[in-house]
Every structure is written in structure tokens, then in C-alpha cells.
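Here is how the chains run, residue by residue.
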Amino acid sequence: MAATSKQILGDFIKALSAKQPTPGGGAAAAVGAAIGGAAARMSAEYTQRKKDKESGAAERADVLIGQIDLDQFLTAADDDAKAYADLQRTWKDTDMSAEEKSQIEVRALQVPTVLLEKCHSSIMAVKAFLPSCNSNITSDAKVGIHQLAGAARAAYQTVLVNSPPEDEKNRLKGLLREIRDVEDELLDLEE
């Protein structure tokens, strides 16, 4: 099967829905993050008008574009598939050393953890950019935040499957709370 980062979206969705080990939830989270990052970057691309350049908004937009690496999100989908395949080997390979098994388990936890962290940092970057964003396109920046937030929560579910230590779980919950605070502010759902 082709790497997730090289598939057409429809092919990826079909592969995701099939009864096969990968792509799975971690890849779905990573692709969701790439879509969210793309929406946010689009808002920055539209903040390049003459008046944006004169006000400094275009420069802040360029910073955001540089902070959101879409290829990293897509690569995370491929990293997740590799980490899961390696993890499956630990269940079957009776000759595998305890050290190798431990390294594989660490990697299986690291992939979704890094994805969650990247989603968090991207959300915070978009939030910081919003006051400078072209006012005609802020909804797309906010879509990016919400999509990245969903991807972060999805990545957290993959983290939990890999039995993180309690202190790591609490640290990641803290990042998710910060993300939730950003979303709550954007949605203004309080009555």
C-alpha cells in the first residue's frame, strides 16, 4: 500500500475504513491535523494584501505559514503505521529482546504524543495570528484551530492505548485543556 502522505484522500479514506491494521486512528488524527493546518495556512496566504503588508500583518502571516509544517503532519500518519507494525511484531516475535521491545513501545507512544504537541503549538500560533488575519477569512483560521483540536484529541486516544506514565498523561491533558480554552473562547458558547 502507498504511504499515506502519497495517497489521494479518497483512497486514504477507503483504506482507513477497511478491516486492516493500518492506516488506523493515529493516521486519521495526523491527516485531520494536516487538513486543519492547511485551512489555517490558507488564512495566512490570504493575509498578503497591500494593506496587510503595510500594517505588518503579512509578515505575521508569513511567520504562521513557516510554523505549520503540513508535511510533518502527513509524515506522522506514515510514522504511526510503522510504529504500529513494529508494535505488532512485539506481540508475535518470541525471540525479540526486552530492550528492543521497550524501544518499540517507546516509539509507539512517541508518535501520537508528538502529533498532539504539534497540534497544540499550531493552534497557539493560529490563535496569536488571528488579530492580524484578513478579516474576510478568519473563519478559515478558526476552522483550522477546530480541526487541529480534534486531531489533538484523537492523537490523545492513541496515546492512551500505549499506556503512558501518569505524569505524561497529565502533561498531555494540560495541553488539551489549553486547546479547549482556545476553542471555548472562539465558540463563545457560554450563556
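What counts and what doesn't
- Residues numbered from 1 in each chain as written.
- Predicted model: local features only at pLDDT ≥ 70, side-chain atom pairs only at ≥ 80, totals over all residues.
- Heavy atoms only, no water.
- Helix = DSSP H or I, 4+ residues; strand = E, 2+ residues; numbered from the N terminus.
- Buried < 20%, exposed > 50% of the residue type's maximum accessible area, 1.4 Å probe, protein only.
- Contact = heavy atoms within 4.5 Å.
- Lys, Arg positive; Asp, Glu negative; His and termini not counted.
- Charge placed at Lys NZ, Arg CZ, Asp CG, Glu CD.
- Patch = residues over 30% accessible without salt bridge, like charges linked within 9 Å, V, L, I, M, F, W, Y side chains within 5 Å.
- Areas by Shrake-Rupley, 256 points an atom, 1.4 Å probe, with all protein chains shown as cover.
- Salt bridge = Lys/Arg side-chain N within 4 Å of Asp/Glu carboxyl O.
- Phe/Tyr/Trp six-rings, centres within 6.5 Å; stacked < 30°, edge-to-face > 60°.

Enquirer: Teacher, can you tell me more about the overall build of the protein chain here?
Expert: Of the regular secondary structure elements, the protein chain holds eight helices and zero strands. For the protein chain, the sequential pattern of α-helices and β-strands runs α-α-α-α-α-α-α-α. In terms of overall dimensions, the protein chain has a C-alpha envelope of 65 × 35 × 30 Å along the principal axes. For the protein chain, with 191 residues in total, the buried portion stands at 41%. Of the contacts formed within the protein chain by residues at least 6 apart in sequence, a portion of 72% connects residues at least 24 apart. For the protein chain, the distance from the average site of its 23 positive side-chain charges to the average site of its 30 negative ones is 3 Å.

Enquirer: Just checking my understanding: could you explain a negative patch on the surface for this structure?
Expert: Side chains of Glu178, Asp181, Asp184 and Glu185 sit close together on the surface and give a patch of like negative charge. Structurally, the position occupied by Asp181 is in helix H8 (residues 166-187).

Enquirer: Got a minute to help me understand the environment of His146 in this structure?
Expert: With respect to the helices, strands and loops of the structure, His146 is situated in helix H7 (residues 138-161). Under the relative-accessibility criterion, His146 is labelled partly exposed at 24%. Considered as a pair, His146 and Ala40 are 106 residues apart in the sequence and their alpha carbons are 9.9 Å apart.

Enquirer: Could you clarify how one ought to interpret the packing of aromatic side chains in this entry?
Expert: Two descriptors summarise a pair of aromatic rings, namely the distance from one centre to the other and the angle between the planes of the rings. Evaluated as defined, the whole model comprises one aromatic pair. Look at Tyr84 and Trp91: their rings are 5.9 Å apart centre to centre, the planes differ by 80 degrees, and that puts the pair in the edge-to-face class. For Tyr84, a relative accessible area of 29% translates into the label partly exposed.

Enquirer: Can you help me understand a nonpolar patch on the surface in this one?
Expert: Where nonpolar side chains cluster on the molecular surface, the patch consists of Leu9, Ile13 and Ile35 and spans about 270 Å² of accessible area. Mapped onto the elements of the fold, Ile13 is located in helix H1 (residues 9-17). For Ile13, a relative accessible area of 48% puts it in the partly exposed group.

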